Amino acid sequence: MNDHDSERIRGVLEEQGWRQTEGTDEADLLVINTCAVRGSAESRLLGRLGEARRLKSERPGRLVALGGCFAQARKQELFRELPFLDVAFGPGNIAELPALLEAASAGPAYCFEDSPLPSARLPVRRAESYRAWVQVMTGCTNFCSYCIVPRVRGPERSRSAGEIVEEVRRLVDDGVVEITVLGQNVNAYGLDRDDGRGKGAVFAGLLAQLDAIKGLERIRFTTSHPRDLGPDLMEAIRDLPAVCEHLHLPAQSGSTRILERMKRRYTREQYLGLVDRLREEVEGLALTTDLIIGFPGEREEDFHRTMTLVERCRFDGAFTFVFSPRPGTEAADLPGRVPKGTVRRRMGELVGLVQQIAREQNQEMVGNEIEVLVEGKSRQGGRQLRGRSRTNKIVNFQVRRDQPPPGAFVKVKIVSATSTTLKGELA
Ligand code: SAM
Ligand code: SF4
């Protein structure tokens, strides 16, 4: 979501005549787009701010702007803490950036209000010509006890299906073959618009409309909340040709006791039931997840349940996070902090298991011929290209003479696999 916001920030600024420089030294304007989901993002920000302070003191005429969720969480306080700052804006106020930059000549300028313009209408400067993000909703209304997102991005609000379809048509006309539909909880898409057709029906319906767009080959979406995943969405993944066979379904924990404390509103059994149904419905589905370790009150048996959940679900990958107390969230004040050493040990065990299963899942692909969307040169260099399978796996593959361009579809025969990548040859 932040990457997509950055594309919008670039789009808005370029429309005003700004151009991206090679390095920060030459820049007349520095824009830092921030994240506040975990404390680690904030620590990385400190380094950036140090650089911005130095650059500003070298040339006081240059402007420094801070946007995103960290800015939204701190609001005007920022100007006291960071006196070199000229502009601050929340994630919903990208449209206001040009006006804020203009106002900055008269002193600190900021905006932390909801933009009246749906931000998805803003100009976007896409990084790739063949692939795009499409934000279908803003905010989140779930208030998981550990999460700052609802506090900084506001409540769920969905764009109209007509507007989204229009945007995707334009993208496809522009050469896009793959889109990733974005929302904090995409399964809840449209429920705030009171369509009245029941949970998930609205999102599955949107996917069907997008699937009907000629020339759109792949549709991905993220993130799905297990509580709102209904049979119609499973059918959409199974039946709609462009919808890819990959689902990112954050479990967060395998212990019902912890899930309750997290306010996730599903149990371990419900999550496992969903995964069983998904596996039955969608052949070859790749499943990935998010897991949090060290949530307040997490006992050894809770951790063990997370490990057995991973074994049962056989995830193709998982983002694993150490619990980070976020100011203003419920979990920040919960008793039962897990000692650092215990967290480190549990994280090590979890990552080991996740990698082992991911490797086994990937090795099952060896010998298969799969469709790959070419992204460009592989990091390995030489005549190796890199692309992605429909199941969202990175595929490195060898080419001989003609190199297919980024955005091309090729068939690749998989010859080996690690926990994170598949390796193959052009079939
Ligand atoms: N909306 C998505 C969902 O509900 O799954 C995810 C949004 S969140 C920005 C991405 C992931 O960050 C979450 O799934 C969770 O695992 C992790 N996360 C959020 N808050 C966290 C915290 N305070 N400490 C550690 N991890 C956190
Ligand atoms: Fe955060 Fe929960 Fe909303 Fe995801 S669903 S953004 S974890 S509050």
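It should be noted that the structure appears before, not after, this text.
Notes on the structure follow. (Residues numbered from 1 in each chain as written. Chains lettered and ligands numbered in written order. Predicted model: local features only at pLDDT ≥ 70, side-chain atom pairs only at ≥ 80, totals over all residues. Heavy atoms only, no water.)

Some remarks on the overall build of the chain
What the chain contains, in helices and strands, is 13 helices and 17 strands. A compact globule built from 427 residues would reach a C-alpha radius of gyration of about 22 Å, and the chain, at 22 Å, matches this within 12%. By its C-alpha atoms, the chain is 65 × 60 × 50 Å across when sized along the principal axes. Looking at the chain as a whole, 54% of its 427 residues qualify as buried. Here the contacts in the chain between residues at least 6 apart in sequence split such that 69% fall between residues at least 24 apart. Carbon and sulfur atoms form 48% of the exposed surface of the chain, whose accessible area is close to 19,700 Å². Distance between charge centres in the chain, computed from 63 positive and 60 negative side chains, equals 4 Å. (Helix = DSSP H or I, 4+ residues; strand = E, 2+ residues; numbered from the N terminus. Rg over C-alpha atoms; globule rule 2.2 N^0.38 Å. Buried < 20%, exposed > 50% of the residue type's maximum accessible area, 1.4 Å probe, protein only. Contact = heavy atoms within 4.5 Å. Areas by Shrake-Rupley, 256 points an atom, 1.4 Å probe, with all protein chains shown as cover. Lys, Arg positive; Asp, Glu negative; His and termini not counted. Charge placed at Lys NZ, Arg CZ, Asp CG, Glu CD.)

Remarks on the environment of L122
Take L122: it is sitting in the loop between β4 (109-111) and β5 (131-135). Overall, L122 belongs to the buried group, its relative accessible area being 10%. Taking the C-alpha atoms as reference points, L122 and R8, 114 residues apart in sequence, are found 6.5 Å from one another.

Some words on the sheet that holds strand β9 (residues 218-222)
Read from one edge to the other, the open sheet built from 3 strands follows the order β5-β8-β9, with strand pairing classed as parallel. Each having just a single partner strand, β5 and β9 make up the two edges of the open sheet. Between one strand axis and the next, the sheet turns through 20 degrees on average, direction left out of account. Pairing of β5 with strand β8 (residues 178-182), which is carried by 5 bridges, proceeds in the parallel orientation. The residue bridging W133 from the neighbouring strand is T180, located in β8. Strands β5 and β8 of the sheet are contacted by helix α1 (residues 2-15), whose axis makes an angle of about 100 degrees with β5. (Pairing = 2+ DSSP bridges. Axes fitted to C-alpha atoms, helices over the stretch in contact; angles between N-to-C directions.)

Points about the packing of aromatic side chains
Following the criterion strictly, the structure yields 9 aromatic pairs and no others. Ring centres of Y110 and F112 lie 5.9 Å apart, and the angle between their planes is 20 degrees; on these two criteria the pair is classed as stacked. Since its relative accessible area comes to 40%, Y110 is described here as partly exposed. A relative accessible area of 10% means that F112 is categorised as buried. Relative to F315, the ring of Y271 has its centre 6.5 Å away and its plane inclined at 55 degrees; by these criteria the two rings are tilted. Taken as a pair, Y271 in helix α11 (residues 268-281) and F315 in the loop between α12 (300-313) and β12 (317-322) lie far apart in primary sequence, 44 residues in all. With relative accessibility at 1%, the residue Y271 sits in the buried group. (Phe/Tyr/Trp six-rings, centres within 6.5 Å; stacked < 30°, edge-to-face > 60°.)

Topic: the site of ligand 2
Lining the immediate surroundings of ligand 2 are C140, N142, F143, C144, Y146, C147, V149, P150, Q184, H225 and R264. Here the shell around ligand 2 is composed, by residue class, of 7 nonpolar, 3 polar and 1 charged. (Near = heavy atom within 4 Å. Nonpolar A, V, L, I, M, F, W, Y, C, P; charged D, E, K, R; others polar.)

Observations regarding helix α7 (residues 161-173)
Because the α-helix completes a turn every 3.6 residues, residues three or four places apart line up on one side. In a regular helix each residue adds 1.5 Å, so 13 residues correspond to 18 Å; α7 covers 18 Å between its end C-alpha atoms and thus fits that length. Buried within α7 are the following residues: E163, I164, V165, E167, V168, L171 and V172. One or two steps after α7, the chain reaches G175, where phi turns positive at roughly 105 degrees. (Expected span 1.5 Å × (residues − 1).)

A short note on the site of ligand 1
The full set close to ligand 1 counts 16 residues, and Q184, P250, Q252, D290 and S324 are the nearest of them. Contact distances for ligand 1 include 2.6 Å between a nitrogen atom and a backbone N or O atom of Q184. At 2.7 Å from a nitrogen atom of ligand 1 is found a main-chain nitrogen or oxygen belonging to S324. Out of a free accessible area of 560 Å², ligand 1 has 90% covered by protein chains. (Polar contact = N/O pair within 3.5 Å; in protein donor to acceptor, adjacent residues only side chain to side chain.)

A few points about the sheet that holds strand β16 (residues 409-417)
Reading around the barrel, the 5 strands line up as β13-β14-β15-β17-β16 and close back on themselves, with mixed pairing between neighbours. Each adjacent strand pair in this sheet contributes to an overall mean axis angle of 50 degrees, direction not counted. In the sheet, β16 pairs with strand β17 (residues 421-426) via 5 bridges, with the strands oriented antiparallel. If you follow K413 over to β17, its bridge partner there is E425.

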